[in-house]
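# Close look at the chain arrangement
Here are the chains, one letter per residue:
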Amino acid sequence: MLGRVNAAARWINWGTLPLGGLVGGALATALGVRTTMWIAVVGGCSAGLWLFFSPLRGMHDNPLGQPDPVARRP
């Protein structure tokens, strides 16, 4: 199972590289290399903001260790 997960992750990660190259090339042609690099820097620095503002940040306990109260009902 781990091999399949690894293969799927590689397929997604490496499969987007040509698309990113095409988008970067089109942006560099339209806006210039310096502007495109700044867009890449801002995008890279803000990539984790969705996780920072998500409800996951407030989770402190592992919910998997607690018993499910619904499953105990006869």
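Here the structure is a predicted model, which is why all the values come from computation and not from measurement.

Time to look at the overall build of the chain. Broken down by element type, the chain carries four helices and zero strands. By element, 69% of the accessible surface of the chain is carried by carbon and sulfur atoms, the whole surface being about 7000 Å².

On the surface, Trp50, Leu51, Leu56 and Met59 cluster together into a nonpolar patch covering about 450 Å² of accessible area. Among the secondary structure elements, Met59 is positioned in the segment after α4 (49–52).

Attention now goes to the packing of aromatic side chains. This structure, assessed with the given rule, holds one aromatic pair. Seen in terms of ring centroids, Phe52 and Phe53 are 5.0 Å apart; in terms of plane orientation they differ by 80 degrees. Their pairing is edge-to-face. On the accessibility criterion, Phe53 (65% relative accessible area) is exposed.

Mapped onto the elements of the fold, Thr36 is located in helix α3 (residues 33–45). Note on Thr36: relative accessible area 11%, which makes it buried. Setting aside anything within four residues of it in sequence, one finds Thr36 in contact with Gly24, Leu27 and Ala28.

Another point: the side chain of Ser54. Tracing the backbone shows Ser54 in the segment after α4. Since its relative accessible area comes to 16%, Ser54 is described here as buried. Looking at Ser54, its side chain comes within polar contact range of the main-chain oxygen of Leu51, at 2.9 Å.

As a further point, take the environment of Thr36. Distance from Thr36 to Gly24, taken between C-alpha atoms, is 7.0 Å for residues twelve residues apart in sequence. In this structure the side chain of Thr36 is engaged in a polar contact, spanning 2.7 Å, whose partner is the backbone oxygen of Gly32.

Here the focus is helix α2 (residues 17–31). Under the 1.5 Å per step criterion, the end-to-end length of α2 is 20 Å for 15 residues, consistent within 8% with the ideal 21 Å. Taken from the residues just after α2, Gly32 is the one with a positive phi, measuring 110 degrees.

Reading guide: rules and limits
Per-chain numbering applies: the sequence of each chain, read as written, is numbered from 1 onward. Residues qualify for local features only when their pLDDT is at least 70, as the model is predicted, and side-chain atom pairs are given and counted only at 80 or more; totals for whole chains, interfaces and linings, by contrast, use all residues. Heavy atoms throughout the structure, all of them, feed into the side-chain values; hydrogens and water do not. To qualify as a helix, a DSSP run of H or I must reach at least 4 residues; to qualify as a strand, a run of E must reach at least 2; elements of each kind are numbered from the N terminus. Per-residue and other accessible areas follow the Shrake-Rupley method at a 1.4 Å probe size, with only the shown protein chains counted as cover for residues. Grouping into patches uses exposed residues only, defined as over 30% relative accessible area, and leaves out salt-bridged ones; the cut-off is 9 Å for like charges and 5 Å for nonpolar side chains (Val, Leu, Ile, Met, Phe, Trp, Tyr). For salt bridges, the criterion is a side-chain nitrogen of Lys or Arg within 4 Å of an Asp or Glu carboxyl oxygen. Two aromatic rings from Phe, Tyr or Trp, using only the six-membered ring of Trp, form a pair when their centres are within 6.5 Å; if the ring planes differ by under 30 degrees the pair is stacked, by over 60 it is edge-to-face, and anything between is tilted. Here the term buried applies to any residue with accessible area under 20% of the maximum for its type, exposed to any over 50%, and partly exposed to those in between, with areas from a 1.4 Å probe on protein chains only. Any two residues whose heavy atoms approach within 4.5 Å at even a single point are treated as in contact. Polar contacts, as counted here, are pairs of nitrogen or oxygen atoms within 3.5 Å of one another; within protein the pair requires one atom able to donate a hydrogen and one able to accept it, and residues that are adjacent in sequence qualify only if both atoms are side-chain atoms. To estimate the expected span of a helix, count its residues, drop one, and scale the result by 1.5 Å.

Bear in mind that shape data such as this cannot, by itself, settle questions of function.
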